[in-house]
Amino acid sequence: MKETIKKETEKKAYAAAVYLRLSKEDGDVCDEGRKEESNSITNQKRLIHDFLKGRENIQVFKEYVDDGYTGSDFLRPSFREMIKDMEAGKINLIIVKDLSRFGREYIEAGRYLQRIFPAAGVRFIAVTDHYDSLTADRTEKNLVLPVKNFVNDAYSADLSVKIRSHLESKRGNGEYTGAYVSYGFMKDSSDHNKLVADPVAGENVKLIFRWKLEGMSNGKIAERLNALGIPAPADYKRSLGIHYRSGFQKSLYSGWSPVAVGRILSNPLCKGLVVQGKRERINHKIKKIVAKPEAEQSRYRQKDLALIGEMQFDTMQELLKKDTRTNPGQEGAYLFSGILYCPDCGRQMIRRKTCHKGKQTIFYICKTYNVEKSCTRHSIKERELIALVTEAVKAQMQILTDAEEILKTAENTVAGMQSFSMTDTRLPELEKELAENTDILSGLYTDREEGILSEEEYEEMKNFYAGRCEELKGQIGKRREMSGKAGEAVREARQWLCSFIDRGSLFSDIKEEIRRSLICSIIDKIWVYEGKRVEFSFLFQDRMAEAYSRCGMFKEIMQEQPLYEKGAV
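Residues numbered from 1 in each chain as written. Predicted model: local features only at pLDDT ≥ 70, side-chain atom pairs only at ≥ 80, totals over all residues. Heavy atoms only, no water.

Caption draft 1: Geometry of the overall build of the protein chain. Counting its regular elements, the protein chain contains 19 helices and 17 strands. The burial tally for the protein chain puts 40% of its 569 residues in the buried class. Counting every atom, the protein chain has about 32100 Å² of accessible surface; 50% of that belongs to carbon and sulfur. (Helix = DSSP H or I, 4+ residues; strand = E, 2+ residues; numbered from the N terminus. Buried < 20%, exposed > 50% of the residue type's maximum accessible area, 1.4 Å probe, protein only. Areas by Shrake-Rupley, 256 points an atom, 1.4 Å probe, with all protein chains shown as cover.)

In structure tokens form, the structure reads like this:
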């Protein structure tokens, strides 16, 4: 009886859709990601057409090919086109090589095969799985088919885990796994898992950093790059034959923008720090990308990649935090933008300009006073502030230069001694500060419970003091580890001072004119008190304090050494 029904039914004419799929993970995609038709697609096509030989009642309406698309979801262009044709009544039969070619997502595959296709009157055939919905009995539909779909889903999940583990292993070995490389860098022609500096784009990156340090805004840098005819990152990649596409680009040719300049200025790859695995998909079924914690990211240094010195790069990050919007026609931020603060209310000072009898005066006042009158003026003229800052910078640089000379003598001295140790006088200070911060941190919970702190204030202060405690613990651990190693400690302190002092053009013009790049390179904040008194908070104060501490320790030790003359440093 069943055989009779089969023969009678097969006389029905079918307009067939031949569906072919191959994913990147199947290992048969062309080099460099080009989605040309692969051999596996050809084999699928041949097998299906061999199956159709002699079945005159089945005519192929169209072949739908998704080459290079995963089977873990059904958001594939050709698959969606096939479903639209099915809904339009153009096809009533779908043929695939096997169920895994149709899809590897267990639930969605079952929904199509057991609900959507039957409701639409569409026959489904998986050739090598010997499944035909026309002749399948209840056991095949309700037991065998779900089990095969489940196995395919499990395979996809296992493959996803293996690929992720393989990529993490390569990153751990210092290999680059990204499809594209940031502007200024390229993949080594002999090893695509290794990065090298791009000789052309790398020079443009250095140029961008130089212009920014000279005080130019990101917008003006972008305008200058466009005026010089320098191709933007996307255009440059395509000029090299790289098949690069960006979701942000709206036209065939792009141009430099302030955002593109900002990305380059904040890219840690410029200082030789390779950061990978910053984001990941939730799992193989969900395409949503989430950010990974910094501790789980892959980070390693490749010194030969560095286009910019580490200290210069770190200085740039501080400069980017301070820079604000510029007025029309102005190339860069004002001299003290984002640096001046009122010590009473804690808000930034604002710049004001007055004209009296044709004479222009620029001064700064407290923002709170200017808006609400609830603080005092803290007013100071710009020319007076420039004079104070100039003197402070000169004094600071002289101190650093003197310290470097002391450490140079110390390094030469301890190099000729077999055993030499010194007591770290800064260590007790750090330990005391750690104890104080720990006490404050432990008391925050009580303050929140008693209503002294709001939930928002509690979280903010907890994060601050917890971060400071971790930072202090790191410093203390490092100093303890170096305790008694005078030569290594002095050498490290001197190297840092040398790299800070030898900043080239940043300090060469100080006698002529103080520039914003110089201010932002060594000053974090300037506090302006009433009566035109100012206080300076310098960048890298912990490192400077460490260098000064080494100088003090060396002088004390030298006074106790009978083999060396006093006053030698």
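Don't stop here, the text continues.
Caption draft 2: Fine view of the sheet that holds strand β12 (residues 340–341). Read across the sheet, 3 strands follow the order β12-β16-β17 without closing on themselves; strand pairing throughout is mixed. On the outer flanks of this sheet lie β12 and β17 (534–538), each paired with one strand and no other. Pairing analysis gives 2 bridges linking β12 to strand β16 (residues 523–528), with the strands arranged parallel. Bridging across to β16, Tyr-341 finds its partner in Trp-527. (Pairing = 2+ DSSP bridges.)

Caption draft 3: How the structure looks around the sheet that holds strand β15 (residues 380–381). Across the sheet, 3 strands lie side by side as β13-β14-β15; this open sheet has antiparallel pairing. Strand pairing shows two members of the sheet lacking a second neighbour, β13 (349–356) and β15, which therefore form its edges. Looking at chain direction, strand β14 (residues 359–366) and β15 are connected through 2 bridges and run antiparallel. Bridge assignment links Tyr-364 to a residue of β15, and that residue is Ile-380.

Caption draft 4: A look at the pairing of β13. The pairing of β13 with β14 spans 8 bridges and is antiparallel. Residue pairing for β14: His-356 is matched across the bridge by Lys-359. Turn length for the β13-β14 hairpin, with the two strands adjacent in sequence and antiparallel, is 2 residues, and the turn residue Lys-357 shows positive phi of about 55 degrees.

Caption draft 5: A look at the side chain of Ser-78. Inspection of the secondary structure assignment puts Ser-78 in helix α3 (residues 77–87). Not counting the four nearest positions on each side in its chain, Ser-78 is found in contact with Tyr-19, Tyr-64, Val-65 and Asp-66. (Contact = heavy atoms within 4.5 Å.)

Caption draft 6: Examining α3 more closely. Restricting attention to buried positions, one finds in α3 the residues Ser-78, Phe-79, Met-82, Ile-83, Asp-85 and Met-86. The buried residues of α3 occupy one face: seen down the axis, they fall within an arc of 160 degrees. Within α3, the exposed residues directed more than 90 degrees away from the buried face are Lys-84 and Glu-87. Within two residues after α3, Gly-89 carries a phi angle of roughly 80 degrees, on the positive side. (Arc of directions from axis to C-beta.)

Caption draft 7: A look at the packing of aromatic side chains. In total, this model carries 18 aromatic pairs according to the counting rule given. Consider the rings of Phe-102 and Phe-117, whose centres lie 5.9 Å apart with planes at 65 degrees: the pair is edge-to-face. Here Phe-102, found in helix α4 (residues 99–102), pairs with Phe-117, found in helix α5 (residues 106–120); they are 15 residues apart in sequence, far enough to count as distant. The buried category is assigned to Phe-117, whose relative accessible area is 1%. Centroid distance Phe-336 to Tyr-364: 5.9 Å. Interplanar angle 85 degrees. Geometry classified as edge-to-face. Here Tyr-364 lies in strand β14 and Phe-336 lies in the loop between α11 (310–322) and β12, a separation of 28 residues in the sequence. Connected via pairs of aromatic rings, a cluster forms that spans Tyr-19, Phe-74, Phe-79, Phe-102, Tyr-112, Phe-117, Phe-124 and Tyr-131. One Lys or Arg, Arg-76, reaches over the ring of Phe-79 and ends 5.2 Å from the middle of that ring. Directly above the aromatic system of Tyr-14 lies the positively charged group of Arg-123, at a separation of 5.0 Å from the ring centroid. (Phe/Tyr/Trp six-rings, centres within 6.5 Å; stacked < 30°, edge-to-face > 60°. Lys NZ or Arg CZ within 6 Å of the ring centre and 35° of its normal.)

Caption draft 8: Expanded view of the packing of helix α7 (residues 201–213) against helix α8 (residues 218–227). Here α7 crosses α8 at 135 degrees, and the two axes come no closer than 10 Å. Taken together, the axes of α7 and α8 lie oblique to each other. Relative to α8, α7 is oriented so that their crossing is right-handed. Contact residues: α7 offers Ile-208, Trp-211 and Lys-212, while α8 offers Asn-218, Ile-221, Arg-224 and Leu-225. (Axes fitted to C-alpha atoms, helices over the stretch in contact; angles between N-to-C directions. Parallel < 35°, antiparallel > 145°, perpendicular 65-115°, else oblique. Left-handed = near helix turned anticlockwise from the far one by under 90°.)

Caption draft 9: The arrangement of the state of the cysteines in detail. Under the definition given, this model contains 0 disulfides. Unpaired in terms of disulfides, Cys-366 finds its nearest cysteine sulfur in Cys-345, a separation of 3.5 Å. (Disulfide = S-S within 2.5 Å.)

Caption draft 10: Highlighting the packing of α7 against helix α10 (residues 258–265). Relative to each other, α7 and α10 sit at 100 degrees, their axes nearing to 10 Å. As the angle between them shows, α7 and α10 are arranged roughly perpendicular. Contacts between α7 and α10 involve Val-205, Ile-208, Phe-209 and Lys-212 from the former and Val-261, Ile-264 and Leu-265 from the latter. Taken together, the residues of the contact of α7 with α10 break down into 6 nonpolar, no polar and 1 charged. (Nonpolar A, V, L, I, M, F, W, Y, C, P; charged D, E, K, R; others polar.)

Caption draft 11: Summary view of the nonpolar core. Membership of the largest hydrophobic core comes to 62 residues, with the highest contact counts inside it found for Phe-209, Trp-256, Phe-336, Leu-385, Val-389, Ile-523 and Ile-526. Ranked by residues supplied to this core, first place goes to α7 with 6 residues. Formed by 22 residues, the second largest nonpolar core is a distinct cluster that contains Ala-17, Ile-83, Ile-94 and Leu-99. (Core = buried A, V, L, I, M, F, W, Y, C linked by side-chain atoms within 4.5 Å.)

Caption draft 12: Seen up close, the pattern of salt bridges. The tally for this structure, following the rule as stated, stands at 23 salt bridges. A salt bridge links Glu-384 to Lys-532, with the shortest nitrogen-to-oxygen separation between them at 3.2 Å. Of the two residues, Glu-384 is situated in helix α13 (residues 382–415) and Lys-532 in the loop between β16 and β17; the sequence distance between them amounts to 148 residues. The exposure class assigned to Glu-384 is partly exposed, which follows from its relative accessible area of 23%. For Arg-468, the salt bridge identified is with Glu-471, shortest N-O distance 2.9 Å. Residue Arg-468 and its partner Glu-471 are located together in helix α15 (residues 455–481), separated by 3 residues, close to a single helical turn. Given the relative accessible area of 15%, Arg-468 is considered buried. (Salt bridge = Lys/Arg side-chain N within 4 Å of Asp/Glu carboxyl O.)

Caption draft 13: Up close: the confidence of the model for the protein chain. With 69% of its residues at a pLDDT of at least 70, the protein chain reaches an overall mean of 76. At the low end of the mean pLDDT range in the protein chain sits helix α17 (residues 505–508), at 44; at the high end sits strand β3 (residues 93–96), at 94. Low confidence marks residues 504–509, where pLDDT is under 50. Its contacts with residues over four positions away, or in another chain, come to 11 contacts. (pLDDT = per-residue confidence, 0-100.)

Caption draft 14: The pairing of strand β11 (residues 298–301), seen in detail. A one-sided burial pattern is seen for β11, the buried positions being Ser-298 and Tyr-300 and the unburied ones Arg-299 and Arg-301. Judged from the 4 bridges that link them, strand β8 (residues 273–276) and β11 form a sheet pairing that is antiparallel. Counterpart to Leu-273 in the pairing with β11 is Arg-301.

Caption draft 15: Looking closely at the environment of Arg-76. Locating Arg-76 in the fold gives a position in the loop between β2 (58–67) and α3. Overall, Arg-76 belongs to the buried group, its relative accessible area being 0%. Sequence separation between Arg-76 and Arg-21 is 55 residues, and the spatial gap between their C-alpha atoms is 9.5 Å. If we skip the residues at most four places from it in the chain, Arg-76 touches Tyr-19, Arg-21, Asp-66, Tyr-69, Thr-70, Gly-71, Arg-101, Phe-102 and Gly-103.

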